[in-house]
Amino acid sequence: MNRTLTATLVAELRAMIIDGTVAPGDKLPSESELIARHGVSRTVVREAIARLQAEGLVQSRRGAGSFALVPPAPDAAGTRPVRTLEDRLALLEFRLGLEPQAAALAATRRSPTQLAAIAGALAGFAAAIDNPAEAMRYDFEFHQAVAQASGNAYYAEGLARLGPTMIAMPRARLGEGSPAYREDFFAQSVHEHASIHDAIADADPEGAAAAMRAHLAASRRRLAGGAGRR
């Protein structure tokens, strides 16, 4: 009986995350709310959350609750699913070998319209400090705009295939730490993105590659460091 109840609850919560009812970064209803709303036991709720964690749709933090992550892109058939912390760290490692060259090419090939798209995504990201879902959307748009500005369709198509799930969600984006800590964390990320934009705007391929490499390496360190604070 518990298995059926758990499967039903998993399906309902999964649908809420995938259709955006619960946006990336949003907190799921508490255990007590889910118990009351669905008429199930605490064991069923915990099993359902554990399954969603295994699918890479939810991240839980002791004392704070469970938060929705970015669901896999619906057109990402054939790509490896990103479900665990190890998967997300490996994906950042993969991007380190890909995106710096895309940024270097963008610095020499970008059009005014493409540079404006990069700047627009940067501005949206910087303004989304209090909205994790918006921040992640603009973060992905920024990296996608850089890839498109490379003039090489394989870079643009590669990032589009990965989809927004390629954007890691360090714990600071889920409200961990003091407001000052979260603001410092976000300001650093904005600064890294701005450095990439500025090098591309200055037609500096070496600077753009270095800025992208530094940003992705820092993202990987932040994600790994956040796991160590559990």
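Residues numbered from 1 in each chain as written. Predicted model: local features only at pLDDT ≥ 70, side-chain atom pairs only at ≥ 80, totals over all residues. Heavy atoms only, no water.

Caption draft 1: Examining helix 6 (residues 112–126) more closely. If you check helix 6, its first and last C-alpha atoms are 21 Å apart, about what 15 residues at 1.5 Å a residue would give, namely 21 Å. Along helix 6, the residues classified as buried are Leu115, Ile118, Ala121, Leu122, Gly124 and Phe125. (Helix = DSSP H or I, 4+ residues; strand = E, 2+ residues; numbered from the N terminus. Expected span 1.5 Å × (residues − 1). Buried < 20%, exposed > 50% of the residue type's maximum accessible area, 1.4 Å probe, protein only.)

Caption draft 2: Seen up close, unusual backbone geometry. The backbone of Ala203 sits at a positive phi, close to 55 degrees, despite the residue not being glycine. If you trace the backbone, Ala203 turns up in the loop between helix 9 (179–201) and helix 10 (205–228).

Caption draft 3: Highlighting the packing of helix 2 (residues 31–38) against helix 3 (residues 42–54). Two numbers describe how helix 2 lies on helix 3: the axes approach to 9 Å, and their chain directions differ by 115 degrees. With respect to each other, helix 2 and helix 3 are oriented roughly perpendicular. The hand of the helix 2/helix 3 crossing is right-handed. Judged by residue contacts, Glu31, Ser32, Leu34 and Ile35 of helix 2 engage Arg42, Val45 and Arg46 from helix 3. Of the residues that constitute the contact of helix 2 with helix 3, the class distribution is three nonpolar, one polar and three charged. (Axes fitted to C-alpha atoms, helices over the stretch in contact; angles between N-to-C directions. Parallel < 35°, antiparallel > 145°, perpendicular 65-115°, else oblique. Left-handed = near helix turned anticlockwise from the far one by under 90°. Contact = heavy atoms within 4.5 Å. Nonpolar A, V, L, I, M, F, W, Y, C, P; charged D, E, K, R; others polar.)

Caption draft 4: Geometry of the pattern of salt bridges. Taken as a whole and judged by the stated rule, the model has seven salt bridges. Where Glu31 meets Arg42, a salt bridge forms, and the shortest distance between an N and an O atom there is 2.6 Å. Of this pair, Glu31 sits in helix 2 while Arg42 sits in helix 3, placing them eleven residues apart in sequence. Overall, the relative accessible area of 39% leaves Arg42 in the partly exposed class. One salt bridge connects Arg222 with Glu192, and the closest N-O pair in it is separated by 2.9 Å. Here Arg222, found in helix 10, pairs with Glu192, found in helix 9; they are 30 residues apart in sequence, far enough to count as distant. Owing to a relative accessible area of 8%, Glu192 belongs among the buried residues under this scheme. (Salt bridge = Lys/Arg side-chain N within 4 Å of Asp/Glu carboxyl O.)

Caption draft 5: Examining the environment of Gln59 more closely. For Gln59, the location among the structural elements is in strand 1 (residues 58–61). Taking the C-alpha atoms as reference points, Gln59 and Thr84, 25 residues apart in sequence, are found 9.6 Å from one another.

Caption draft 6: Structural detail: the nonpolar core. By size, the foremost hydrophobic cluster in this structure holds 21 residues, and its most contacted members are Ile118, Phe142, Val146, Ile196, Ile200, Ala208 and Met212. It is helix 10 that provides the largest number of residues to this core, a total of five residues. In this view, Met212 contacts Glu99, Pro100, Ala103, His143, Val146 and Ile196; residues no more than four positions away in its chain are not counted. (Core = buried A, V, L, I, M, F, W, Y, C linked by side-chain atoms within 4.5 Å.)

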